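Structure assessment
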Amino acid sequence: WLLSDVNAETEEDEQRDLKAQVHNLLANFALEDDDREEAVKMLRVASEVGHDDADYPLDLARLLSLEGDPAGALEAVNAAIERDDLLLEALLMRCQLLGALARHDEAIHAAREAVAIDDEEPYSHAQLAAVLVMAGRFDEALDAANKAIAREPELPDAHLLRVASL
């Protein structure tokens, strides 16, 4: 009976994964037809059903952000981070969304989390600089922008943030 329970659970997980993949595919078709409302619906289902996969809520967050819904995007990106708390792209998106919502202290905290995960990633330092500029903390922003430039001298955003910090 124990083996049959394991097999049933594995089969159920496979069915959930397949359903999530189908809804993600339907979302892509909806986007090709420029039906963003339907795409959001399909990505919501994929996110709910594919409960172990951080990519579905991250896709939903990207779309909601493009649709001008930073609060909804933040909710989705938080779901992605709950599934994979080392997902750098999700952490950086969280910084941007929190900054857009003028929640600067939380944005700075999220940016520092991203830097802690990969100190060599120039985009993490640039994002930290951006939220520090938004918060009016220019000395710290200058330091973060300089770190981004040291890691990627050709990163234009880092140079702009450096100037904004002066």
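We now turn to the structure provided with this report. Here the residue index of a chain counts from 1 through its sequence in written order. For this predicted model, a pLDDT threshold of at least 70 governs which residues receive local features, and a threshold of 80 or more governs which side-chain atom pairs are given and counted, while totals over whole chains, interfaces and linings are taken from all residues. Heavy atoms throughout the structure, all of them, feed into the side-chain values; hydrogens and water do not.

1. Observations concerning the nonpolar core
Under the convention used in this document: Here, nonpolar core means buried Ala, Val, Leu, Ile, Met, Phe, Trp, Tyr and Cys residues that are tied together by side-chain atoms lying within 4.5 Å of each other. Accessibility here uses a 1.4 Å probe with only protein chains present; expressed as a share of the type maximum, an area under 20% marks a residue as buried, one over 50% as exposed, and anything in between as partly exposed. Think of it this way: any DSSP run of H or I at least four residues long counts as a helix, any run of E at least two long counts as a strand, and we number them from the N terminus. Whether two residues are in contact is decided by their heavy atoms: any pair within 4.5 Å suffices.
Within the largest apolar cluster, 47 residues are counted, with the highest numbers of intra-cluster contacts made by L58, V77, A90, L128 and V131. Per-element tally for this core: the top contributor is helix 5 (residues 88-100), with 8 residues. Not counting chain neighbours up to four residues away, the residues in contact with A90 comprise L58, V77, A80 and I81.

2. Some details on the environment of E113
Inspection of the secondary structure puts E113 in helix 6 (residues 104-117). Here E113 falls in the partly exposed class, since its relative accessible area comes to 29%. The sequence separation of E113 and L128 amounts to 15 residues, and the corresponding C-alpha distance is 9.7 Å. When residues no more than four places from it in sequence are discounted, the contact partners of E113 are L91 and R94.

3. What to know about unusual backbone geometry
Phi at D34 is positive, roughly 60°, even though this residue is not glycine. Among the structural elements, D34 can be located in the loop between helix 1 (2-32) and helix 2 (36-49). According to the relative accessible area criterion, D34 is exposed, its value standing at 57%. We note that A102 has phi near 60°; this positive angle belongs to a residue other than glycine. Relative to the helices and strands, A102 is located in the loop between helix 5 and helix 6. For A102, a relative accessible area of 52% translates into the label exposed.

4. Comments concerning the side chain of S47
Tracing the chain through its elements places S47 in helix 2. Those residues within four positions of S47 in sequence are excluded, and the remaining contacts are Y56, P57, L60 and R83.

5. So, helix 3 (residues 55-66)
Rule in force here: Between the first and last residue of a helix there are one fewer steps than residues, each counted as 1.5 Å, and that sum is the expected span.
With 12 residues, helix 3 extends 17 Å from end C-alpha to end C-alpha; this agrees with the ideal 16 Å at 1.5 Å per step. Within helix 3 the residues assigned to the buried category are Y56, P57, L58, L60, A61, L63 and L64. Count one or two residues on from helix 3 and you reach G68, which has phi positive near 80°.

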